[in-house]
Structure formats: C-alpha cells, structure tokens
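Now for the letters of each chain:
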Amino acid sequence: MALKDLVLMKPPVPTLRGRTVLITGAASGIGKATAIAAARDGARLVLTDLRADDLDAVAADICRSGGTVVLHRAGDVSDYDWVVAFAREVDDQVGTMDVVMNVAGISAWGTVENLEHRHWRSMVDVNLMGPIHIIECFVPQMVRRGEGGHLVNVSSAAGLLALPWHAAYSASKFGIRGVSEVLRMDLRRHNIGVSVVCPGGVATPLVGTVDIVGVDRNDPRVRKQMDNFHKIAVSPEKAAAAIITGVEKNRFIVYTSFDTRFGYWWKRKFALPYEVVMRIANNRFSKVAARARA
C-alpha cells in the first residue's frame, strides 16, 4: 500500500444520488430527518423502525414528495432473529446496500443507586447490540461486492464525555464508538468508510420521553433544566445535514453542534480542568434531583 493511501482516503460515497441507503429509526427524530434529506438528494431508501404506523407515514410522505422508498419494514433491531430475516428480505428484493445508517436508539438517565438492571440491559440491547445486528447482517455483503460503501453509527456526546447520570446510556454509546473506530480501520481496505455521529442536544421526541430514573421530570425545577436543554438543542434537520455531509466527505467523527466538538477537544487537551467541570455539573444535577425528591 502506498504511503498516500495510509494517509488519505477518497470518500467512497461522495454523493447519495442513486445510492441504496438503509436507515434504522426512520420513523421520527434524526432518523426521519435523515431519510427525508437522503431522499431529497436522490437516494433509494430502505427504512425500518419499531413503530409501524409512523414508519408507514414517513415512507408515504417521502414517496409523495418524489423520493424513493424501495422497502420499509417495522421491526426491533435488538431482536437478532428479526434482523436476520429482514436482511434476507432486503437481499432478495433490493440487493446490497451502498450506505448503512444505524440511527435507532433509546435513552435513560439515572444514578447507579436508582438504575435497575432493565435500564442497563435495554440501553445495551437497543443502542449497542441493535447496530451490531445490523452490521453483522448488512456490511459483509458490501465487503463481498467489492465496490465500497459507507457505514454510519450514531453514538452521542455521552459517547465522548462523562455526562452526569449517563452511565447506562454511555455504556452503549461509548461501546458503539469503539466498534466504529475499529471498523474504520478494518473496512478501509475494502473502501468502506465509517462515520460515528456524536450529537449533543437534538430536539427530538426522545428528549421529551427520556426516562430519568428516580426523578419526577414534571417537577418545575426539573422542567426548568429540561427547558435549558431545549434552548441549545439543534433541530433534527440540522443533525441530518451533518450526517449526510459526513458520509459525502468521509468524516469519522460527525458533530451536530459546536458544544460537543469543543467539549471533546477540551477533554483531550485539558484533562484536569475537564474533570473539574464534570464534577461541578454532577453536583448541580444532584442538587436539582434532591430538591425534586424533597
């Protein structure tokens, strides 16, 4: 391999036009916005989500707008047997994907004394094993075809930074970031790019329904903190644009907002000040929770 090939890699998918793109979690939030944006750019879409009615509505809207959805199926990516059957159907009816996007995810926050086993298990099952199931069942075909492609995994700011109360969530999001970093190296020889998306605040339905274990999220003091989050959250459309640009430019870490980019840079360059800031944030969260429980 030439030295320049070790340093530079041309984007395997410089445009989505005419490419076949699988998107999980496509019924709402970032997944839905990415599906709409990809369709607008000329992609042929294969979509899946747990919520059948919402997925049907998204697929119908895209088709009415002139986009192309070649197949959509409702299912649970954490169910390996379902993913295997879904992949077999896609292989038979559509063929090999050019781009695979793992967007589906769930969230729960809480301190270790409040989190139950089911919270840890659900985070890992959906946010880590779900993408692994999709990777297992769709990426080998891209390798065997030998024409390159791109894999997108959605991690989080909580996959880069030690955010308060995010232990269970971070277990899954740090995990998928690690998977992505290794696959970035493993798949390079096959001309398959890998991007790991690390959103900060994004105004999606997930934010409004996140389970904060041990805390009444309807308490006015908790609501105030959630409102502060919404003030800095970007739209799903902005996140989707960052994802598509990340694919087309073959970027590894894809940021959807400046705060996460700056926070990760700060963590790497100034380890002790970063730890102090995280301790302050943790203390602040704990005080709010204590007042909400009082």
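Refer to the structure above for everything that follows.
All figures in this text were calculated on a predicted structure; none of them were measured in a lab.

Q: Outline the overall build of the chain, listing residues and values.
A: Scanning the chain from terminus to terminus reveals 11 helices and 9 strands. Looking at the chain as a whole, 47% of its 294 residues are labelled buried. The contacts in the chain between residues at least 6 apart in sequence include a share of 72% that link residues at least 24 apart. Carbon together with sulfur atoms contributes 55% to the accessible area of the chain, which is approximately 14,200 Å² in total.

Q: Could you give me a rundown of the packing of helix α5 (residues 117-145) against helix α6 (residues 167-186), with the residues and numbers involved?
A: Look at α5 against α6: their axes get within 7 Å of each other, and the N-to-C directions meet at 20 degrees. It follows from the interaxial angle that α5 and α6 lie roughly parallel. Helix-helix and strand crossings are classified by hand; for α5 and α6 the assignment is right-handed. Each of His119, Trp120, Met123, Val124, Asn127, Leu128, Pro131 and Ile135 in α5 lies in contact with α6, whose residues at this interface are Ala167, Ala168, Tyr169, Ser172, Lys173, Gly175, Ile176, Val179 and Leu183. The residue makeup of the contact of α5 with α6, split by class, is 12 nonpolar, 4 polar and 1 charged.

Q: So what's going on with unusual backbone geometry? Residues and values would help.
A: A negative phi angle characterises most non-glycine residues, just as the trans form characterises most peptide bonds. A positive phi angle is found at Trp165, which is not glycine, with a value near 65 degrees. A positive phi angle, close to 55 degrees, is found at Asn250, a residue other than glycine. By the element assignment, Asn250 lies in the loop between α9 (236-248) and β9 (253-255).

Conventions and cut-offs
- Residues numbered from 1 in each chain as written.
- Predicted model: local features only at pLDDT ≥ 70, side-chain atom pairs only at ≥ 80, totals over all residues.
- Heavy atoms only, no water.
- Helix = DSSP H or I, 4+ residues; strand = E, 2+ residues; numbered from the N terminus.
- Buried < 20%, exposed > 50% of the residue type's maximum accessible area, 1.4 Å probe, protein only.
- Contact = heavy atoms within 4.5 Å.
- Areas by Shrake-Rupley, 256 points an atom, 1.4 Å probe, with all protein chains shown as cover.
- Axes fitted to C-alpha atoms, helices over the stretch in contact; angles between N-to-C directions.
- Parallel < 35°, antiparallel > 145°, perpendicular 65-115°, else oblique.
- Left-handed = near helix turned anticlockwise from the far one by under 90°.
- Nonpolar A, V, L, I, M, F, W, Y, C, P; charged D, E, K, R; others polar.

In short, the description is geometric, and any link to function would need to be established separately.
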